[in-house]
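# Geometric and topological summary
The chain contents come next:
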Amino acid sequence: MSKPAVILFAVVIAAPAAAHDATPTAAQPNGWTYPFSCCSGMDCREIRDRAVLEGPQGYVIKLTGELITPRDTRIKNSPDGQFHHCTVAGEPKGRTICLFVPPRSF
């Protein structure tokens, strides 16, 4: 391995792990940071409301058919009022790590 590659590798390994930020919205103009427990820097993204079906049994992720029940600890309150989906390796069809849901008026 070349010396520059070794240095780059050492810097990457030594850098602290950090979660990434959600895109700023009207509700959160400075954005917000996904919790590390949900995201390792690439696992989370905002999804459209229509990508999730909400019903009495919980939330169904349309792309995967995965049901997340109302008492599931993976459900988190969304600080910006939008749905955000965190999946293993950031894959849209991956298993859900966290689902951020907007507050409901009912």
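The rules we used
Residues numbered from 1 in each chain as written. Predicted model: local features only at pLDDT ≥ 70, side-chain atom pairs only at ≥ 80, totals over all residues. Heavy atoms only, no water. Helix = DSSP H or I, 4+ residues; strand = E, 2+ residues; numbered from the N terminus. Polar contact = N/O pair within 3.5 Å; in protein donor to acceptor, adjacent residues only side chain to side chain. Salt bridge = Lys/Arg side-chain N within 4 Å of Asp/Glu carboxyl O. Buried < 20%, exposed > 50% of the residue type's maximum accessible area, 1.4 Å probe, protein only. Disulfide = S-S within 2.5 Å. Pairing = 2+ DSSP bridges. Axes fitted to C-alpha atoms, helices over the stretch in contact; angles between N-to-C directions. Phe/Tyr/Trp six-rings, centres within 6.5 Å; stacked < 30°, edge-to-face > 60°.

A few words now on the side chain of Asp80. By secondary structure assignment, the location of Asp80 is in the loop between strand 7 (75–77) and strand 8 (83–87). A distance of 3.1 Å separates polar atoms of two side chains, one belonging to Asp80 and the other to Trp32. In this structure the side chain of Asp80 is engaged in a polar contact, spanning 2.8 Å, whose partner is the side chain of Ser78.

Glancing now at the pattern of salt bridges. Here the structure, examined in full by the defined rule, presents two salt bridges. The partner of Glu66 in a salt bridge is Arg74, with the nearest N and O atoms 3.1 Å apart. For Glu66, a relative accessible area of 17% gives the class buried. Measuring nitrogen to oxygen at the nearest pair gives 2.8 Å for the salt bridge that ties Arg74 to Asp72. Overlapping salt bridges, with partners in common, bring together Glu66, Asp72 and Arg74 in one network.

A few words on the state of the cysteines. Scanning the model with the defined rule gives two disulfides in all. Two residues share a disulfide in this structure: Cys38 and Cys98, whose sulfurs sit 1.9 Å from each other. Between Cys38 and Cys98, the disulfide has an S-S torsion of -75° and is therefore left-handed. Residue Cys38 is found in the loop between strand 2 (32–33) and strand 3 (44–47), and its partner Cys98 is found in strand 9 (residues 96–101); the two are separated by 60 residues along the sequence. Exposure class is identical for Cys38 and Cys98. Each is buried. Shown here is the disulfide that connects Cys44 with Cys86, its sulfur atoms set 2.0 Å apart.

Further remarks concern the sheet that holds strand 3. Spatially, the four strands line up as an open sheet ordered 3-8-9-7, and their pairing is mixed. Looking along the sheet, the strands with just one partner apiece sit at the ends: strand 3 and strand 7. Across this sheet, the average inter-strand angle for adjacent strands is 25°, counted without regard to direction. With four bridges connecting them, strand 8 and strand 9 associate as antiparallel partners. When the bridges of strand 9 are listed, His84 appears paired with Phe100.

It is worth spelling out the packing of aromatic side chains at this point. All chains considered together, the criterion is met by four aromatic pairs. Aromatic side chains Trp32 and Tyr34 sit 4.8 Å apart centroid to centroid with 65° between the ring planes, which places their arrangement in the edge-to-face category. As far as burial versus exposure is concerned, Trp32 and Tyr34 are alike and both buried. Between Tyr59 and Phe83, the ring centres sit 6.2 Å apart and the planes meet at 70°, which makes this aromatic pair edge-to-face.

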